[in-house]
Each structure stands twice: as C-alpha cells, then as structure tokens.
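Listed here are the chains, written in short residue letters.
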Protein chains: 2
Amino acid sequence: MTSTASFTDQDLAFVEDFRTMGTFGATGNGGVDRQAASAPDGEQRHWLKGLLEERGFTVKFDRAGNQWGLYEAVPGAPFVVAGSHMDSQPTAGRYDGAYGVLAAAHAALRLRAAWGEAGAEAPKYNIAVVNWFNEEGSRFKPSMMGSSVYTGKLELETALATTDAAGISVRDALDAIGCRGDYAGPEAACCAEIHIEQGRSMERDGVTIGLVSSNWAANKYEFVVHGEQAHTGSTVIEDRKDALLGASMLVVAARELANLFPGVLHTSVGQLNVYPNSPVVVPSRVNLLLDLRSADEAVLAEADSLLHSRIAEIEVLASVSVEQHHAHSWPVTPYQPEGVELAAKVAADLGLSNKAVMTLAGHDSTNMKDIVPTVMLFVPSVEGISHNEHEYTTDEDIVAGLAMLTGVLSQLCTGALDPNTTHPEGP
Amino acid sequence: MTSTASFTDQDLAFVEDFRTMGTFGATGNGGVDRQAASAPDGEQRHWLKGLLEERGFTVKFDRAGNQWGLYEAVPGAPFVVAGSHMDSQPTAGRYDGAYGVLAAAHAALRLRAAWGEAGAEAPKYNIAVVNWFNEEGSRFKPSMMGSSVYTGKLELETALATTDAAGISVRDALDAIGCRGDYAGPEAACCAEIHIEQGRSMERDGVTIGLVSSNWAANKYEFVVHGEQAHTGSTVIEDRKDALLGASMLVVAARELANLFPGVLHTSVGQLNVYPNSPVVVPSRVNLLLDLRSADEAVLAEADSLLHSRIAEIEVLASVSVEQHHAHSWPVTPYQPEGVELAAKVAADLGLSNKAVMTLAGHDSTNMKDIVPTVMLFVPSVEGISHNEHEYTTDEDIVAGLAMLTGVLSQLCTGALDPNTTHPEGP
C-alpha cells in the first residue's frame, strides 16, 4: 500500500475525476442512485464522452447502449477492451462499476501517452474503454444486459423490448438519454476489468490486488407461491392458504441452507412482491427471487436438492403451491489461467501484494471471458460493504489498482495473451 | 331456509337489484374490484342514488363521503340508520358490504310502503339508508373511515387528507366521483347492519341468522424491520443484516402463535413491502402490518407478550432491529344485549333459525354501537369464503336476511330499543 504523498499528478487527476463521478445521482448519505438509463446515468455518460473526446478518443454508443471510447494506434487492428459499468443500484455506493470504467479510461490515457513517446514500441492492438449498459439489473432485468448482447448471449431486440416497473422499454429509456447508437461494437482481442472486491477477504489478508481466477456457481430462481385470498380477521387458521406464510418459510429456509454449509454457500432473497398486499386480506400470491451461490458445484447441487425437498414440505405446512419459473444457472468457470499468471507477474513487477480470489458476484467480464482471454482484477473494499451507500475503498488502493490495470493493459496490447505467444519464462 | 319458489315479487326485485350491483367493477372470476372512491365505486353510488330517489328518498353525501338515503315519516324526528358499505378489496366478492346496503335500501322501501297502508301505526323514528365510505381500507387507511368520522373517532380533515399509494387524497378522489357533499349526517336514534358471516360457523350449524353479540379484540401493528443493504452474492452470511429474513421470521412467528392457541387466536400479515426490492441487494428495510385477534382478551394479552419476546429473539437471530409503529387496538366490546334479544325475537317470529355469534372482522356497526344501540346480523357464507372473488351466499339466505332486517328495523322505528322502553315480556 502506498501513501497519498507519493501520488503523481496523473494519480491526483484520477482521484479528482473519481470524486466528480460521485456527484452524478448523489444521494444524501454519500452514495449514488444511477439506475440504468436514468437521467443521472445519462449525465454521467455524457460527462465521460467529453472527458475521452477531449483527449483524442472517439466515443460511440452501440445498439444496446454500451458506450465505447476508442483509440486506434494501429489502424484496423482489433481492440483490447477495458472497462466496467456506470449504472448503479437504487441506493448504491460510489465505487461499484464506476471505479472500473474510470480506471480503464485513465489507464488508456496513460498507454496512449506512453505509445506517443520517442522510441516507444508500437502496440499490436488498439484500446477501447467500455461502459457496459445495465450491469446491475435493478431497473431492467436481466443484469449484465449490455455485455450479454455484445457477447451474443442475449438478443438485441429482447434487450431493447425489456420494460421497467413503469412499463418504459430499454429502447425508449436509452433514447431519452441520447445513448442508443448504431455502432456494432469493436472487434475484441482480449479484455480486462477492475472492480472492488465486494467482500472482505483481501482486506483481512492485507493484499492490494486480487487476481480473479473464477466465479462462483449460481442457481437463480423465481418462485411464485400461490395461496388463496381470504379475510385476515375472520377466516379460521386451518382454512387459510396464506401465500405470504409460504414465501416467508422459503426465505427462512434459504438462510437455514446457508447455515448448513458455512462459508461455502450464499443464499438470498432480494426481491419479494405480495398480492393483493392489503392489510385485511390473506395474500393469494407472492413472487420472489431466490439465489443459491457456491464456489463448490457439489455443495450447490446438494443445497439445491435440499431446497426443493423443503419446498415440498412448505407446500403442505402452509397449504400453498410453489411454482418455479425462470431458473438461471451458471457453473464455476475459470478466467484464463494465462491471464491470472500475467496479472501476477505485473503485480510483482509493481511491488503490489496480491492473491488469487474468486468472484461471488457476476461481472461483465464473466461474459467477456467466454469469448476472449479476460483478466479480472479486484482492489479491497473496506469491511466488504457493497450495494450500500457506505461502500468505500481508500485512495491508495484505487490508485494502486489503476497502476495495476495500466500494467496489464500494456501487456495485453502487445499481444501477451495471444494463443501463439510464447511466455518468456516458458510453458 | 326457504326455497326460491316462495319468493315474492319484492324478493325477486331485490335479487335482481343485487345481480345488477355485481356488474359494477366486475372482475373476470365473478368478483368485483371497487376500491373506495374508484370509478366503479362512483358508478355504483350514483346507481344507488337513482334507485332511492325514484322511490321518494332524499339522497345526500356527507363531508366524509358517506352516502345517505333519507325518508322522513316523522318530520324532525331522529333516524334509524341502516346500511353497510359498497367499496371492496381489489379482488373481492360481490356480497361483502354491498349486500348490507341493498338489504337496508329494500327494507326501508318495505317499511315506507307499510307505513303508507291504511290504518298503519305511525313510526317514532325516520329511516336512513347509509353506504359508509371506505370500510375496506385497502386504498386509503384506516378502514371504516366514513363511520369513524361520523362517530367522532376520526377527524374529518385527517380523513380527507389521507392519500393512496399514488398520492391521491380522499378529498380529491371523492371529488373526482362527485361524492363529497356538505351534509352533516342525520341524528341517529339507533342502528342496524346485516352482513355475510365471513366464516363457516353458521353454515356448519345450519342456521340462517347470526345475532352478533360482540366483536373479537384485536391488536394491530405496523412493524418496520431495519437491516442493511449489501450484495446478495458476495456478502458473507455472518455479515448480513437482512431485513427480509427478519420480516419473514416475524410472519412465521405470527402463524406459530395462532397454532399455540387453536381456534381462539387469529394472526395475519396481509401487507409487506420490501426496500430496495432489487434481485441482487440484501433488503435494508421491510414494512409489514401484523394483526392479532381473539375473542378472549387474556389470550390476546398472552399472545402479544409472546410476540414481543419472539421479536427480541428475531432481532438477534437475523441481526436486524424491529421498530413498532402505529399500534391500534380494540377490546372485546358487546353489542347492546337488548338488541340481540330483540333480534332473536324477530327471528323466532319469522321462523328463521338463529344463534348468537361474535364477529371476527370489524364492521361499521362496531363504530356505531359505541354511540347508539346497534343490532348486527349475519347471514351464512358458503365455505366461509371472504375477501375473495368466490364469496357466495345463497339467494334463499340473502332474501331471509332481508326479511330479518326489515323486521328488526320495523321494531327499531317504533322505539323498541329506547332506554325507557319497557319490553312487553318483562324487565
């Protein structure tokens, strides 16, 4: 960890720009509210456009609302893609996503400057800064929408037709902030993303850089619990088919599962809606989203099976029926080991403490790694606070992360992760 | 129970009018959606106005939106007030409230006709049909709003300033349907209401008329469970302060309490709202409405104490804090025994099977009995279904209830429940 006294002018400019980002959609408690394609999301996107264009980058919006800042050092060559997302949860912290986009922008400016120096070696690839659209998924589902369209996992038309709770489509929301373009997106050679850890393992171990080796596996479900409307006062208990009771038992069951597999299984219900939600009516329907996540696929499979046994019990105990919708799962998938190895070497060269970590949250790089070699980096998150206005990472760590990302991108731009590149230190 | 073959033309007209009522705000499944001061509530109110005015009644709206159909047989004398409410829950049955208003209207027409007959004894009191505003409380809280204002339990200005979820005030909503007047309401001598049972005890015992002797006691709470926003994927389980987990444990605890006191304690959570309610954020806040009801005040007190002990445990188990707001309680309060006795005599004279019952649900008559002698009557509800589109009472029973109400109102109009009236049969 460095002290701020050692900051260069470039580091100070980065910290200053990061402060500015926290003013877009600022909330009273030091956080931000910049849901996808909201007015503050649009304002910040236009601010980033100005920042990059002033420094010689070409800024384009693609058809899915992803924002690209392009710098061509080698006309016609593919691009190294670096970035994250600037949208946020409704009451969110300033670091999640935003840090990664700004770090990518500043890293790209540093590379551009370095390539312009007399005697510098020419890169093999160009550099593209990306601000992915709607990574959070709070306003429009699914999350990681922009990178899913770019990587061919989601149809463009499906994404554009998605509506928020007020019935506004992604297409209309993007048009309203002037961020839907006709660009197809650049050809990617490889990718890098930096993000806060959103956990406390790095803080606990006192390391500055996390080298993300893989993501946790996840099973995500939408459950609909069906009961029957009745009067809350007069209906006798044994006649009740209370959908909220069934749903509540499911929320409690999810936590009990996590307690069965301490540290290796995370479960949650983040969203739950009750119908008709009237004070004197026994609820007839509850929709809820339940996730199971684990680093160990065998644990996930066992937990999933226990969950479904418990659901069958809840159906009897609460006299409800539970319908399962929209299951979405992903396995433990590694980031390319060559990328982890490359990043470890860059960190060592920079004198930054580091360790391999897994990511429990999804990131746009999770999509990108399925189509090109991708490096995912973390910086520590104080107390692991995430999706919360009090999220915080020290200036020292965000500046160290910027140096780290710059080093990695510099290597990637020389083709260090090309399949046919021989590593200097051998196989 | 009579058969429809014995229906008079008046009975058939009543059944026909009741069918018409079910068309206002009709839903696809045979129910209605007529929340307070909605367009269909307004349409039905204007239909009732026409029905009563055509038959010589004067119809007025008071300042709280209660609708009054007045017939003065004795100019200047107080009124016997008879009615119920025509608003409904969002997906409700056709009988709840609406039956009681229409039965009161037809009973009043029958009395008026009887008083007009040659040689008929003149009544002591006039008759007022009432359609109370917002009994249900689903759109605007609290429930029983119109009768609460009329009986002085709720300030008029407080009621008018209450807003629904969309921010529309009672004042504006009533104005929009043309149902806010400047009438102060009639002077009441006594009151009667008829309603479906909303339980299955009368059906089980095969009786046609329920003589309501008292209401169950109730404690109603709004609880706010406070947790802390965090990432649902990455935050380790022991760091989570999950407001939805705490709320769910509270919902389950409410049911467990009811199971501890089988048949004598009813508990429920009808409304529950989650914030920020995003798929990937551990909820930071949940608001919920929880009721405890019992016919036995000692049971209610014990259950309440157990609930609060359990809340203290839940605060520890789920790492949340639970704030209690807006407690609203009422004791077991009897309807005037003289009224129950009078009703029993009328039922016997009409040859209608009957028994004393308690009401578990609140009714406008619960308010009225605190200011004037009040008679509350029930007809059976098939399978006890209530606050549900499939609510059903047979034509035989609604016609029998109308005859019963007519008989009771006829007695009340002669002053049968006046404090100084000597009952023919002794003390």
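Everything numeric here is computed off the predicted structure, so don't read it as measured data. (Residues numbered from 1 in each chain as written. Chains lettered and ligands numbered in written order. Predicted model: local features only at pLDDT ≥ 70, side-chain atom pairs only at ≥ 80, totals over all residues. Heavy atoms only, no water.)

A. The arrangement of the side chain of T27 of chain B in detail. When you line up the elements, T27 of chain B lands in the loop between α1 (9–21) and α2 (39–54). In this structure T27 of chain B comes out as buried when scored by relative accessible area, which is 18%. (Helix = DSSP H or I, 4+ residues; strand = E, 2+ residues; numbered from the N terminus. Buried < 20%, exposed > 50% of the residue type's maximum accessible area, 1.4 Å probe, protein only.)

B. Broad picture of the pairing of strand β6 (residues 209–215) of chain A. All names here are of chain A. β6 sits mainly inside the fold: 6 of its 7 residues count as buried. Taken together, the 6 bridges between β6 and strand β13 (residues 354–359) define a ladder with parallel strand orientation. Considered in β13, the bridge of V212 is made with V357. Across 2 bridges, β6 lies against strand β14 (residues 374–379) in antiparallel orientation. Bridge assignment links L211 to a residue of β14, and that residue is L377. (Pairing = 2+ DSSP bridges.)

C. Quick peek at the packing of α1 of chain B against helix α3 (residues 98–116) of chain B. Residues and elements named next belong to chain B. One can describe the packing of α1 onto α3 by two numbers: an axis separation of 10 Å at closest approach and a directional angle of 145°. The way α1 lies across α3 gives a crossing that is right-handed. Across the interface between the two elements, Q10, D11, A13, F14, D17, F18 and M21 from α1 touch A98, Y99, L102, A103, H106 and R110 from α3. Considering only residue class, the contact of α1 with α3 consists of 8 nonpolar, 2 polar and 3 charged. (Axes fitted to C-alpha atoms, helices over the stretch in contact; angles between N-to-C directions. Left-handed = near helix turned anticlockwise from the far one by under 90°. Contact = heavy atoms within 4.5 Å. Nonpolar A, V, L, I, M, F, W, Y, C, P; charged D, E, K, R; others polar.)

D. Seen up close, the sheet that holds strand β11 (residues 285–294) of chain A. All names here are of chain A. Taking strand neighbours across the sheet as the criterion, the 4 strands line up as β9-β11-β7-β12 in an open arrangement whose pairing is antiparallel. Among the strands making up the open sheet, the edge pair consists of β9 (265–275) and β12 (321–330). The mean inter-strand angle of the sheet, taken between neighbouring strand axes irrespective of direction, is 15°. Direction of pairing for strand β7 (residues 217–226) relative to β11: antiparallel, over a ladder of 10 bridges. Along β11, the bridge assignment pairs N219 with L292. Contacting β7, β9, β11 and β12, helix α8 (residues 243–260) crosses the sheet at an angle of about 170° to β9.

E. Structural view of the UniProt feature "binding site: Zn(2+) 2" (unreviewed entry) in chain A. As recorded in UniProt, the sites labelled "binding site: Zn(2+) 2" (unreviewed entry) are D96, E136 and H387 of chain A. Maximum C-alpha separation among the annotated residues is 9.9 Å over a sequence range of 292 residues, consistent with a single clustered spot. Checking the annotated residues one by one, the ones that line the largest pocket turn out to be E136 of chain A. For D96 of chain A, the position within the fold is in the loop between β3 (79–85) and α3 (98–116). Beyond its immediate stretch of four places on either side in the chain, D96 of chain A contacts H85, D87, E136, H195, I196, Q198, S386, H387 and E391 of chain A. Apart from the residues lying within four places of it in its own chain, the contact partners of E136 of chain A are H85, D87, S88, Q89, D96, S143 and H387 of chain A together with V280 of chain B. (UniProt positions renumbered as here; feature names shortened; annotations may be inferred. 1 Å grid on protein atoms, 1.4 Å probe; cavity = no way out; pocket = protein on both sides within 12 Å on 5 of 7 lines; lining within 4 Å.)

F. Examining the relation of the copies chain A and chain B more closely. Mapping chain A onto chain B is achieved by rotating through 180° and translating by 0.0 Å along the same axis, at an RMSD of 0.0 Å. Overall, the copies show the geometry of a two-fold rotation axis. For chain A, the residue whose C-alpha comes nearest the rotation axis is S248 of chain A, separated from it by 2.2 Å. (Least-squares fit on C-alpha atoms with pLDDT ≥ 70 in both.)

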